[in-house]
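Here are the chains, one letter per residue:
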Amino acid sequence: MAAIDLTRGFLKDVKRIVIKVGTAVVTREDGRLALGRLGALCEQLQTLNSQGFEVILVSSGAVGAGRQRLRYRKLVHSSFADLQKPQVELDGKACAAVGQNGLMALYDTLFSQLDVTSAQLLVTDNDFRSPEFRKQLTETVDSLLSYKVIPVFNENDAVSTRRAPYEDSSGIFWDNDSLAALLALELKADLLVLLSDVDGLYSGPPSDPQSKLIHTYIKEKLENTITFGDKSRLGRGGMTAKVKAAVYASQAGIPVVITSGFAGDNIVKVLQGQKIGTLFHQDAHMWVSNGELNARDMAVAARESSRRLQAVPAKERSKILLDIADALEANEKVILHENEADVVAAKDAGYETSLVSRLALKPGKVSGLAKAIRVLANMEEPIGQILKRTELSAGFILDKTSSPLGVLLVIFESRPDALVQIASLAIRSGNGLLLKGGKEARRSNAILHKVITSAIPENIGGGLIGLVTSRDEIPELLKLDDVIDLVIPRGSNKLVSQIKSSTKIPVLGHADGVCHVYVDKSADMEMAKNIVLDAKTDYPAACNAMETLLVHKDLMENGGVNELLIELQSKGVSINGGPKASSLLNLPSAPSLHHEYGSLACTIEIVDDVHAAIDHIHKHGSAHTDCIVTQDREIADVFLRQVDSAAVFHNASTRFSDGFRFGLGAEVGISTSRIHARGPVGVEGLLTTRWIARGNGQVVDNDKGVLYTHRDLTHQA
């Protein structure tokens, strides 16, 4: 079974369908009607008809069928002498008249066997020049469809006054492909399906093993890069005609799929959303699967768009974010619908509870994301800030300014809300962005990406934020150290390790979130219980949730440990013990002292004092976020100075280690590395610096003509 294509979610709303079947499908190589294929086609249409779809058929094949019949008639009535003479080509209009009669008789017979009624409608190019005709056409078809009759259209070639070349500036339609597109618009169809003798549009000749099927057609990218083969062996069309018709209809708002008419169930598969054939859609450039695009092209497009983004005034960049926030709220229902589908699929697939929890967009989440984006939009402009100004010499000023990094590649798992945060931060900081989310969130990611990119102005370009949907693209992207400037993996230790070992591009991120809360002997126990409970239960799947609780040994004697255990267990937290705790408290042993549960479970261990707690954190922690609960300020200062983690707190939950809570607007991730950025990474972490010098003709000349002053003018900037 073909994979479900998430870009084809619009198919669930399809009611009226125009289906065009070409001569190459309707007839065999010898020109006779292909009874098996026609029978399979009629069975599919009967199925759709019975399911409540309104089906309109545009059928070629009359000329081909008529030509075969007339050749036979001519042969029967020819003398031997006649056969020795040069053979004159049969009159095409006569072929059309004879063939149309036989073609419709066959359709009527096949549909009757399936208890379906069909109707024949023959039209010419000139008919559509009459507004009265077009109005009557719509009324007639609407009436037929109300009776569940299938209208079968064909051009009335027998009486058509047009001559070759068929495609000219005065024509309204030129073949049955363009007729089908015209009818789809006239009759307000929801979908047009063009059946061909190949599986869809290919990057080259379908017979060439190097050619690849193009699942989604992007006019801007493919219009001048595909070479089409010959026209249909029997009809006037071919793939060129189909693509022109598909582009025409799709740009007018009618989605189109070109697929093979040789398979007996392709139409049904298309309507099921399967990745069949080639899709044409007016929004395809915004949500096309980037797996169909070259990895380098994606990265280059992101860089070019980022430079255009940097060039616009700061107010315009802020407005883009405000428009994205509005778009998220306006599309909340469809976003939650797609997310719910991901959650259901993840549960059905047996994913762990912690992953499903991270995957779900809980009530209020979309509005919360929109609020965070508005905060980000109203922050001080980060690009071009003067960090340091120096007078090098009289009239020669040097500024150190903030500048975007360039292009970011962010690989994340599970959490679709991360996509929104990362995209908004990239836009605020003027960076291009490539995103690769987990397969479990593919529908959520697809709709969020579509909503966000639809709010990006055309003068910036939708390539600013690319969504990578195929894991196969990642190795190629990781090779592009000349185009991509920073990789940020958000996920498991295994994921981060794999990324670091596979690229020359700098990597920013953290592998694990093994966060500790140390409760000292002087702690206020009510405060300690509140902090411990919040750090563990507020959002157990978060990377800043407490995974290990360290307690001073004296709390074993005064009952403090038991109070903490009772509080945790009353909230459903499973507790494992370190070597000391498991022995003293009769607890099951922890799988490891460096273990990230990501769920309602934690490890507890007994330590002698603050120094033992610090040693434990350095040995078994992940340098993410660690906390001490104590009323002794000197002990707190020791902990704050000596614990070598990205974030260290005194008397506050580890859950505060978050970009939004830090006032950064949002975060692209949390870094435990020590170079460039550490802790929650907001806008500042996505910036670098550059030097801007303004002189008036200065030259070095061995420093003979320059009197250096090196005067700090930063506070005068």
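Look a little higher up for the structure.
Report on the accompanying structure. Everything numeric here is computed off the predicted structure, so don't read it as measured data.

Thresholds applied
- Residues numbered from 1 in each chain as written.
- Predicted model: local features only at pLDDT ≥ 70, side-chain atom pairs only at ≥ 80, totals over all residues.
- Heavy atoms only, no water.
- Pairing = 2+ DSSP bridges.
- Helix = DSSP H or I, 4+ residues; strand = E, 2+ residues; numbered from the N terminus.
- Axes fitted to C-alpha atoms, helices over the stretch in contact; angles between N-to-C directions.
- Contact = heavy atoms within 4.5 Å.
- Buried < 20%, exposed > 50% of the residue type's maximum accessible area, 1.4 Å probe, protein only.
- Right-handed = clockwise from strand over helix to strand, strands pointing away.
- Core = buried A, V, L, I, M, F, W, Y, C linked by side-chain atoms within 4.5 Å.
- Expected span 1.5 Å × (residues − 1).
- Polar contact = N/O pair within 3.5 Å; in protein donor to acceptor, adjacent residues only side chain to side chain.
- Patch = residues over 30% accessible without salt bridge, like charges linked within 9 Å, V, L, I, M, F, W, Y side chains within 5 Å.
- Areas by Shrake-Rupley, 256 points an atom, 1.4 Å probe, with all protein chains shown as cover.
- Salt bridge = Lys/Arg side-chain N within 4 Å of Asp/Glu carboxyl O.
- Lys, Arg positive; Asp, Glu negative; His and termini not counted.
- Charge placed at Lys NZ, Arg CZ, Asp CG, Glu CD.
- Parallel < 35°, antiparallel > 145°, perpendicular 65-115°, else oblique.
- Left-handed = near helix turned anticlockwise from the far one by under 90°.
- Nonpolar A, V, L, I, M, F, W, Y, C, P; charged D, E, K, R; others polar.
- Phe/Tyr/Trp six-rings, centres within 6.5 Å; stacked < 30°, edge-to-face > 60°.

### Re the sheet that holds strand β12 (residues 465–468)
Within the open sheet, the four strands sit side by side as β12-β11-β10-β13. Their pairing is parallel. Looking at strand neighbours, the two that pair on one side only are β12 and β13 (486–490), the edges of this open sheet. If you compare each strand with its neighbour and ignore which way they point, the axes differ by 15° on average. The sheet contacts of helix α20 (residues 493–500) involve β10 (407–412) and β13, and relative to β13 the element is tilted by about 160°.

### Topic: the pairing of strand β4 (residues 150–155)
Burial analysis of β4 places six of its six residues in the buried class, the great majority of the element. The alternating pattern of β4 places Ile150, Val152 and Asn154 on one face and Pro151, Phe153 and Glu155 on the opposite face, and all of these are buried. Across two bridges, the pairing between strand β2 (residues 54–59) and β4 is parallel. Its bridge partner lying in β4, Leu57 is registered against Val152. The pairing of strand β3 (residues 118–123) with β4 spans six bridges and is parallel. Paired with Leu122 across the bridge in β4 is Asn154. The handedness of the β3 to β4 crossover, carried by helix α6 (residues 131–146), is right-handed.

### Describing the nonpolar core
With 49 residues, the main nonpolar core has Leu328, Val410, Leu433, Leu435 and Ile465 as its most contacted residues. Secondary-structure elements contributing two or more residues to this core are α13 (314–330), α16 (365–377), β10, α17 (416–429), β11 (432–436), α18 (442–454), β12 and β13. By residue number, the principal contributor to this core is α17, which donates eight residues. If sequence neighbours within four positions are ignored, Ile465 has contacts with Ala423, Ile427, Leu433, Leu435, His449, Ile452, Thr453 and Ile456. Counting residues in each nonpolar core, the second largest holds 37 residues, with Ile56, Ala181, Leu182 and Ala189 among its members.

### Considering helix α12 (residues 295–311)
Taking 1.5 Å per residue, 17 residues should reach 24 Å; α12 reaches 25 Å between its end C-alpha atoms and fits that length. Where α12 is concerned, the buried positions are Ala295, Met298, Ala299, Ala302, Arg303, Ser305, Ser306 and Leu309. Contacts from the buried residues of α12 go to α13, β10, α17, β11, β12 and α19 (473–478).

### Things to note about the side chain of Glu547
Within the secondary structure layout, Glu547 lies in strand β15 (residues 546–552). Given a relative accessible area of 0%, Glu547 falls into the buried group. Looking at Glu547, its side chain comes within polar contact range of the main-chain nitrogen of Tyr597, at 3.2 Å. When near neighbours in sequence (up to four residues on either side) are disregarded, Glu547 contacts Gly513, Val514, Cys515, Lys536, Pro540, His595, Glu596, Tyr597, Gly598, Ala601, Cys602 and Thr603.

### Some remarks on a positive patch on the surface
There is a patch of like positive charges on the surface, built from Lys439, Arg442, Arg471 and Lys494. Looking at the element boundaries, Lys494 is found in helix α20. On the basis of relative accessibility, which here comes to 60%, the residue Lys494 falls in the exposed class.

### Side note on the side chain of Thr278
Here Thr278 shows up in strand β7 (residues 278–280). Overall, the relative accessible area of 0% leaves Thr278 in the buried class. A polar side-chain atom of Thr278 sits 2.8 Å from the main-chain amide nitrogen of Leu201.

### Details of the packing of α17 against α18
Contact pair α17 / α18: the axes reach a minimum separation of 9 Å and the direction vectors enclose 25°. Between α17 and α18, the angle is such that the two are roughly parallel. Pair α17 / α18 crosses with right-handed handedness. Contacts from Pro416, Leu419, Val420 and Ala423 in α17 reach Ser444, Asn445, Leu448, His449 and Ile452 in α18. Of the residues that constitute the contact of α17 with α18, the class distribution is six nonpolar, three polar and no charged.

### What about the packing of helix α14 (residues 332–348) against α18?
Contact geometry for α14 and α18: axes closest at 7 Å, N-to-C directions at 160°. In this view, α14 runs roughly antiparallel relative to α18, as classed from their interaxial angle. The element α14 and its partner α18 pack so that their crossing is left-handed. Contacts from Val334, Ile335, His337, Glu338, Asn339, Ala341 and Asp342 of α14 reach α18 at Arg442, Arg443, Ser444, Ile447, Leu448 and Val451. Across the contact of α14 with α18, the residue classes break down as six nonpolar, three polar and four charged.

### A word on the packing of aromatic side chains
Counted according to the given criterion, the structure contains five aromatic pairs. On the numbers, 6.1 Å between centres and 20° between planes, the contact of Tyr107 with Phe111 is stacked. Taken together, the residues Tyr107 and Phe111, both in helix α5 (residues 92–113) and four residues apart, mark about one turn of the helix. In this structure, Tyr107 and Phe111 share a single accessibility class: buried.

### Comments concerning the environment of Leu568
Within the secondary structure, Leu568 is located in helix α23 (residues 560–570). Among the residues examined, Leu568 registers a relative accessible area of 1% and is labelled buried. Once residues lying within four places of it in the same chain are set aside, the contact partners of Leu568 are Val532, Leu533, Lys536, Leu549, Val573, Ile575 and Cys602.

### As for the sheet that holds strand β1 (residues 16–21)
Pairing between the strands of a sheet comes from backbone hydrogen bonds, and it takes one of two forms, parallel or antiparallel. Read across the sheet, seven strands follow the order β3-β4-β2-β1-β5-β6-β7 without closing on themselves; strand pairing throughout is mixed. Looking along the sheet, the strands with just one partner apiece sit at the ends: β3 and β7. Mean inter-strand twist for the sheet, computed between neighbouring axes without regard to direction, equals 20°. By the bridge criterion, three bridges tie strand β6 (residues 256–260) to β7 in an arrangement that is antiparallel. The residue bridging Val257 from the neighbouring strand is Leu279, located in β7. Packing of α6 onto the sheet brings it into contact with β1, β2, β3 and β4, and relative to β3 it is tilted by some 170°.

### Considerations on the pairing of β1
Of all six residues in β1, six are buried, a share of seventy percent or more. The alternating pattern of β1 places Arg16, Val18 and Lys20 and Ile17, Ile19 and Val21 on opposite faces, both of which are buried. Where β1 meets β2, six bridges bridge the pair, whose relative direction is parallel. Each residue of the ladder has a partner; that of Arg16, found in β2, is Glu54. Two strands pair when backbone bridges link them, and β1 and strand β5 (residues 191–196) are joined in this way by five bridges, in the parallel orientation. Note that in β5 the partner of Lys20 across the bridge is Leu194.

### Remarks on unusual backbone geometry
Here Asp115, not a glycine, exhibits a phi torsion of approximately 60°, which is positive. Along the chain, the position of Asp115 falls in the loop between α5 and β3. Relative accessible area serves as the criterion here: at 73%, Asp115 is assigned to the exposed category. For Lys148, which is not a glycine, the phi torsion comes out positive at approximately 60°. Mapped onto the elements, Lys148 comes out in the loop between α6 and β4. Overall, Lys148 belongs to the partly exposed group, its relative accessible area being 40%.

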